[in-house]
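Given next are the chains, with one letter for each unit.
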Amino acid sequence: FNSSLKRGRDAQRKNDLSQIQKALEMYYSDMQSYPSFTTFFGGKLCSTVACTTSERVYMQRVPKDPSSTYSYVYVPEPGASPSFYYVYSYIENDKDLSNNISLTGFTTNIQCATGELCRYYVSSTNAPQLTPHP
């Protein structure tokens, strides 16, 4: 039963990151860069971090991780006008070997919880491929 719950949360994570990825691509289409701000999980994704009523909304509610233990992490290319990004999440199912999953995390050492490296990511198509943690 517990493993079914983990697989269900992992499926939700993958779906959430796919939806976030689509919103980020719409943002890029309009703005010619990806957001440099990273504080949109659980809130709206708009053309600026302020998200005033006159701005375009790309996601009405950006999902948060289905478990209160873990968080999604958005990492844009450094700089004012990022040209690529990664969105990370944790994967609970230790048997999931799908694409973009590393059960040991990635060499970027991004944490999705205190002491827990993120195990899954999506990215813009032009982002450098990540290397699994040794």
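Throughout what follows, the structure given in this document is the object of discussion. The model shown is predicted, which means the values in this text are computed figures rather than measured ones. Residue positions are given per chain, counting from 1 as you read along its sequence in written order. Confidence filtering applies because this is a predicted model: local features only for residues at pLDDT of at least 70, side-chain atom pairs given and counted only at 80 or more, and all residues used for totals across whole chains, interfaces and linings. To get the side-chain values, all heavy atoms of the structure are used, and hydrogens and water are removed first.

1. Regarding the pairing of strand 4 (residues 85–89)
The two faces of the sheet receive side chains in turn, since in a regular strand these alternate between them. Each residue is placed in one exposure class: buried if its accessible area under a 1.4 Å probe, protein chains only, is under 20% of its type's maximum, exposed if it is over 50%, and partly exposed if it falls in between. Under the DSSP-based scheme used, a helix requires at least four consecutive residues in state H or I and a strand at least two consecutive residues in state E, with every element numbered from the N terminus. Across the five residues of strand 4, five count as buried, placing the element largely inside the fold. Neither face of strand 4 is open: one carries Tyr85, Val87 and Ser89, the other Tyr86 and Tyr88, and all of them are buried. Strands pair, by our definition, only if DSSP identifies at least two bridges between them. In the sheet, strand 3 (residues 73–76) pairs with strand 4 via four bridges, with the strands oriented antiparallel. Within the sheet, the bridge partner assigned to Pro76 lies in strand 4 and is Tyr85.

2. Concerning the sheet that holds strand 4
Strands sit in the order 3-4-7 across an open sheet of three strands; the sheet is antiparallel. In this open sheet, the two edge strands, each paired with only one partner strand, are strand 3 and strand 7 (120–123). In this sheet, neighbouring strand axes are inclined to one another by 20° on average, regardless of whether the strands run parallel or antiparallel. Every residue pair with non-hydrogen atoms within 4.5 Å of one another is taken to be in contact. Simply put, an axis is a line fit to the C-alpha atoms, just over the touching stretch for a helix, and the angle between two N-to-C directions goes from 0 to 180 degrees. Those strands touched by helix 1 (residues 2–31) are strand 3, strand 4 and strand 7, and its axis lies near 160° from that of strand 4.

3. What to know about the pattern of salt bridges
Any Lys or Arg side-chain nitrogen located within 4 Å of an Asp or Glu carboxyl oxygen qualifies as a salt bridge. One pass over the structure, following the stated rule, counts seven salt bridges. A salt bridge links Asp65 to Arg13, with the nearest nitrogen and oxygen atoms 2.7 Å apart. Of this pair, Asp65 sits in the loop between strand 2 (57–59) and strand 3 while Arg13 sits in helix 1, placing them 52 residues apart in sequence. Exposure remark for Asp65: the relative accessible area of 9% places this residue in the buried category. For Arg13, the salt bridge goes to Glu92, with nearest N and O atoms at 2.9 Å. Taken as a pair, Arg13 in helix 1 and Glu92 in the loop between strand 4 and strand 5 (111–113) lie far apart in primary sequence, 79 residues in all. In this structure Arg13 comes out as buried when scored by relative accessible area, which is 0%. Classification of Glu92 as buried rests on a relative accessible area of 11%.

4. Side note on unusual backbone geometry
Although it is not a glycine, Gln32 adopts a positive phi angle of roughly 65°. Counting through the fold element by element, Gln32 comes out in the loop between helix 1 and strand 1 (45–46). For Asn109, which is not glycine, the phi torsion reads 55° and is therefore positive. The topology assignment puts Asn109 in the loop between strand 4 and strand 5.

These figures come from the coordinates and say nothing about function on their own.
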